[in-house]
Amino acid sequence: MLRHHTQTVASNLKMNRVIQILIILLLFISCNKDDINEPIPENGNLKFISAVDISRYPEISNSNPIFYDKNGNQNNFLNILKQNGVNTVRLRLWVNPINEHSGFNEVKQFSQTLKTNGFKTWLTLHYSDTWADPAQQEIPMQWQGISLSQLKDSVYNYTEKIMTELQPDYIQIGNEINSGFLHPYGHISNNFQQFKELLNMGITAVRANSNDSKIILHFAGNEGSDWFFNQVSVLDYDIIGLSYYPKWHGKSLNNLKIKMKYLSETHNKKILIAETAYPFTLEWNDWTNNIVGLDEQLILPEYPATIEGQRKFINQIKKLTKEVENGIGFCYWGAELIAWKGNQSTDASPWENQAIFDFNNKALPVLSEFIIE
């Protein structure tokens, strides 16, 4: 009887031990599973944005250019970007352009392709039929001659359609809106209150149709940015976006960093470089006049117009953005702008010396800087 009791106790202890081990294993597996699925928090729980603007790629792709990776192997354009750490693609959107390029249908189709390939999408709403920037903010043709009230409705309805059908991860309400947008109605100097009302209609449309899309307000350069973001501080947006090109916005990266830190802390907003680029050469690959072609437009001697100079410049842009507490990323503008019409063209790319592919369409070393460690 005693022996039987002893065996029973031993058996129960053994069983309890097995159960304890199983519980520990289940907890271990559960914790590891959570670790795998849980995104690594970075800069306030937002993943660092490693972006390129390739708005013209749908048009360029019609010429069937062949692209090569950094090892010289032929590869798909989007695959090359993805394999080198690009996680977000920025696209401009025009209301009714003269052709299909950068119009709603093209951007919708390309956005779907990008999402299928695992990219986040970032849409830049120009609220114009053509380029919008500090010097030009032309109202779309179909919105001309209407009342302010009707224009507000048009902005809301247009933005709502974009949110409903394109569902971007990031959305800019206007592009480089230093002088406002939708001139003359929303000119920042002449009709500031109307500017804010129009801007708020776009913001309201985003909020009403998405709980996830992040709203960016985009200003070109450093000068005047303090005043601008003070004026729009009452609006409901998420991210401060700045353009930075040495040719137009000064040649001090340290001043850029100081300004980013000041703006983000003052307004308690995330901040990113919405546009930047740098040449790997001052040579041309077609007969279209290049925008950057002189030493005086560069930051010298630190960043010459060489393959290594281009890489070092973007490395520093990434570094200083990550050093700003609220810095969440950068976007390289014109990454795709090779001389796609041939080396005799006078109406193709003014940017082929600032693309991230060389004159043989081979990926440049600067692409390695899009990998976020």
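These notes cover the structure that comes with them. (Residues numbered from 1 in each chain as written. Predicted model: local features only at pLDDT ≥ 70, side-chain atom pairs only at ≥ 80, totals over all residues. Heavy atoms only, no water.)

### Observations regarding the side chain of His 267
Topologically, His 267 is positioned in helix 9 (residues 253–267). On the basis of relative accessible area, His 267 is assigned to the buried category, the value being 13%. Those residues in contact with His 267 that lie beyond four places of it in its chain are Phe 229, Asn 230, Ser 233, Tyr 237 and Ile 240. (Helix = DSSP H or I, 4+ residues; strand = E, 2+ residues; numbered from the N terminus. Buried < 20%, exposed > 50% of the residue type's maximum accessible area, 1.4 Å probe, protein only. Contact = heavy atoms within 4.5 Å.)

### A short note on the packing of helix 5 (residues 148–166) against helix 6 (residues 192–209)
Interhelical geometry of helix 5 versus helix 6 gives an angle of 30° and a closest axis separation of 8 Å. Relative to helix 6, the element helix 5 is oriented roughly parallel. Read as a crossing pair, helix 5 and helix 6 show a hand that is right-handed. Together, Leu 148, Leu 151, Lys 152, Val 155, Tyr 156, Thr 159, Glu 160, Met 163 and Thr 164 of helix 5 and Gln 194, Glu 197, Leu 198, Met 201, Gly 202, Thr 204, Ala 205, Val 206, Ala 208 and Asn 209 of helix 6 make up the contact between the two elements. Residue classes in the contact of helix 5 with helix 6 are distributed as 10 nonpolar, 6 polar and 3 charged. (Axes fitted to C-alpha atoms, helices over the stretch in contact; angles between N-to-C directions. Parallel < 35°, antiparallel > 145°, perpendicular 65-115°, else oblique. Left-handed = near helix turned anticlockwise from the far one by under 90°. Nonpolar A, V, L, I, M, F, W, Y, C, P; charged D, E, K, R; others polar.)

### Some thoughts on unusual backbone geometry
In this model, His 183 is joined to Pro 184 through a cis peptide bond whose omega is 5°. Relative to the elements of secondary structure, Pro 184 occurs in the loop between strand 6 (170–173) and helix 6. Note that the residue after Leu 300, namely Pro 301, is joined by a cis bond; omega there is 5°. As for its position among the elements, Pro 301 is in the loop between strand 9 (270–276) and helix 10 (307–323). Unlike most non-glycine residues, Leu 182 shows phi in positive territory, near 55°. Residue placement: Leu 182 occurs in the loop between strand 6 and helix 6. A positive phi angle, close to 65°, is found at Asn 361, a residue other than glycine. Checked against the element boundaries, Asn 361 lands in the segment after strand 10 (327–333). The class of Asn 361 is buried, set by a relative accessible area of 15%.

### Looking at the environment of Leu 263
Looking at where Leu 263 falls in the secondary structure, it is placed in helix 9. Sequence separation between Leu 263 and Asp 226 is 37 residues, and the spatial gap between their C-alpha atoms is 7.0 Å. For Leu 263, the residues in contact, after removing those within four places along its chain, are Ser 225, Asp 226, Phe 229, Ile 240, Leu 242, Asn 268 and Ile 271.

### A few points about empty space enclosed by the protein
If you walk through the whole model with that rule in mind, you get 2 cavities of 30 Å³ or more. Partitioning the lining of the largest cavity into residue classes produces 10 nonpolar, 2 polar and 1 charged. Of the volumes computed, that of the second largest cavity is approximately 40 Å³. Lining of the second largest cavity is provided by Ser 55, Pro 58, Leu 91, Arg 92, Ser 102, Glu 106, Val 107 and Phe 110. Those elements that provide at least two residues to the lining of the second largest cavity are strand 4 (88–93) and helix 4 (104–116). Classifying every residue of the lining of the second largest cavity gives 4 nonpolar, 2 polar and 2 charged. (1 Å grid on protein atoms, 1.4 Å probe; cavity = no way out; pocket = protein on both sides within 12 Å on 5 of 7 lines; lining within 4 Å. Points joined across faces, edges and corners; volume = space filled by probe spheres on them.)

### What to know about the pairing of strand 5 (residues 120–125)
On a regular strand, one side chain projects to one face of the sheet and the next to the other, so that they alternate. A large share of strand 5 lies buried, amounting to 5 of its 6 residues. Two elements, strand 4 and strand 5, share 6 bridges in a ladder whose sense is parallel. Following the sheet pairing, Arg 92 is matched in strand 5 by Thr 124. Once you follow strand 4 into helix 4 and on to strand 5, the crossover reads as right-handed. Strand direction decides the pairing type here: strand 5 and strand 6, joined by 4 bridges, are parallel. The residue of strand 6 that forms the bridge with Trp 122 is Tyr 170. Following the chain from strand 5 across helix 5 to the adjacent parallel strand 6, one finds a crossover that is right-handed. (Pairing = 2+ DSSP bridges. Right-handed = clockwise from strand over helix to strand, strands pointing away.)

### Notes on the layout of surface pockets
Estimates place the volume of the largest pocket at around 600 Å³. In this structure, the largest pocket is lined by 27 residues; those nearest its centre are Trp 131, Asp 133, Ile 291, Trp 333 and Trp 351. For the lining of the largest pocket, the elements supplying multiple residues, two or more each, are strand 4 and helix 8 (246–249). When grouped by side-chain class, the residues that make up the lining of the largest pocket number 12 nonpolar, 6 polar and 9 charged.

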